[in-house]
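# Remarks on the overall topology
Next come the chains, spelled out residue by residue.
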Amino acid sequence: MQEKWSVRLIRLAALFGLVGTILGSHMAGSGSYAFKPIHAHVLLVGWLSVFSWGVFYKIYRVRAVKLVSVHGWAAIIGSIGLTVGMWLQFLQPFNINSTVALIFYIVGGSILLIAFALFVLMTFLIDRTESR
Ligand code: HEM
Ligand code: HEM
């Protein structure tokens, strides 16, 4: 279970890394920094944080196996929700309805917050007899 989540989170992080650096290159090339907060969150939340969670599950065994899936899904939905929501909210692409954009952003950000809180719990649920 942990092995599966580790690989899943690391793959998602890799995709975020690619999208984030493409956004950075786009900003540098175009000279327009409108994407700066999106670029920053895609890379710091999506690439660095999600990658760290993936590596954590590879290194440590945790005692609450079912909670790994809950945290994993919160990480996936929260990281994508916050970054996409922020993009919709800050840049309002495709003339998107501003209420829809705001809800996306708030729900995404809140689920991400839950993922970070669950991770605190996970660090206290490490199985010390089986850490590798
Ligand atoms: C292809 C690689 C990258 C390019 C071309 C790029 C480009 C940029 C540009 C043009 C800015 C705006 C700078 C400004 O406001 O003056 C920026 C900001 C930022 N970049 Fe990147 N970046 C790249 C990779 C990364 C990576 C790998 C990370 C982190 C893992 C990162 C994190 C950030 C952060 C946090 C900011 C916001 C800094 C602030 O608040 O002023 N970038 N980047
Ligand atoms: C619930 C999740 C989060 C929300 C709702 C949130 C929201 C925000 C907002 C509103 C800003 C100001 C953006 C602007 O007006 O330019 C910001 C900036 C920033 N946040 Fe977050 N953030 C969250 C999580 C994180 C996390 C987890 C990290 C790092 C791992 C992070 C790193 C940053 C950085 C580096 C900036 C400055 C970026 C810039 O200069 O454009 N944030 N965040």
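The structure contained in this document is the topic of the report that follows.

Conventions used here
- Residues numbered from 1 in each chain as written.
- Chains lettered and ligands numbered in written order.
- Predicted model: local features only at pLDDT ≥ 70, side-chain atom pairs only at ≥ 80, totals over all residues.
- Heavy atoms only, no water.
- Near = heavy atom within 4 Å.
- Polar contact = N/O pair within 3.5 Å; in protein donor to acceptor, adjacent residues only side chain to side chain.
- Helix = DSSP H or I, 4+ residues; strand = E, 2+ residues; numbered from the N terminus.
- Nonpolar A, V, L, I, M, F, W, Y, C, P; charged D, E, K, R; others polar.
- Core = buried A, V, L, I, M, F, W, Y, C linked by side-chain atoms within 4.5 Å.
- Buried < 20%, exposed > 50% of the residue type's maximum accessible area, 1.4 Å probe, protein only.
- Contact = heavy atoms within 4.5 Å.
- Donors = N, O, S within 2.8 Å, 3.2 Å for Na, K, Ca; no water.
- 1 Å grid on protein atoms, 1.4 Å probe; cavity = no way out; pocket = protein on both sides within 12 Å on 5 of 7 lines; lining within 4 Å.
- Points joined across faces, edges and corners; volume = space filled by probe spheres on them.

### Notes on the site of ligand 1
Around ligand 1 lies a shell formed by Thr21, Gly24, Ser25, Met27, Ala28, Tyr33, Lys36, His39, Ala40, Leu43, Leu44 and Leu48. Between Lys36 and ligand 1, the recorded distance is 3.3 Å, taken from a side-chain N or O atom to an oxygen atom. His39 has a polar side-chain atom sitting 2.8 Å from a nitrogen atom of ligand 1. When contributions to the shell around ligand 1 are tallied by element, the ones reaching two or more residues are α1 (2–30) and α2 (36–59). The element that contributes the greatest number of residues to the shell around ligand 1 is α2, accounting for six residues.

### Here's the deal with the site of ligand 2
Close contacts around ligand 2 come from 14 residues, with Lys36, His41, Leu44, Tyr105 and Gly109 the closest. Mapped by element, the contributors of at least two residues to the shell around ligand 2 are α2, α3 (65–91) and α4 (98–123). Examining the composition of the shell around ligand 2, we find that seven residues originate from one element, α2, more than from any other. Here the residues of the shell around ligand 2 are counted per class, giving ten nonpolar, three polar and one charged.

### Some points on the nonpolar core
Counting 26 residues, the largest nonpolar core has Leu9, Trp53, Phe56, Tyr57, Val62 and Met122 as its most contacted members. For this core, the secondary-structure elements that each account for two or more residues are α1, α2, α3 and α4. For this core, the element with the highest residue contribution is α2, accounting for seven residues. Excluding residues that lie within four positions of it along the chain, Leu9 makes contacts with Val50, Trp53, Gly54, Tyr57, Gly72, Ala75 and Ile76.

### Topic: the coordination of the iron atom of ligand 2
You will see that the iron atom of ligand 2 has only one donor from the protein, His41 (NE2), lying 2.0 Å away. Within the secondary structure layout, His41 lies in helix α2.

### Here's the deal with the coordination of the iron atom of ligand 1
Looking at the protein side alone, the iron atom of ligand 1 has one donor only, His39 (NE2), at 2.0 Å. One can find His39 in helix α2.

### Things to note about the layout of surface pockets
The volume enclosed by the largest pocket comes to roughly 210 Å³. Lining the largest pocket are Leu12, Leu15, Phe16, Val19, Leu23, Phe35, Ile38, Val42, Ile80, Thr83, Val84 and Trp87. Of all the elements in the fold, those that place two or more residues in the lining of the largest pocket are α1, α2 and α3. Broken down by element, the lining of the largest pocket gets its largest block of residues, five residues, from α1. Residue classes in the lining of the largest pocket are distributed as eleven nonpolar, one polar and no charged.

On their own, these measurements won't tell you what the molecule is for.
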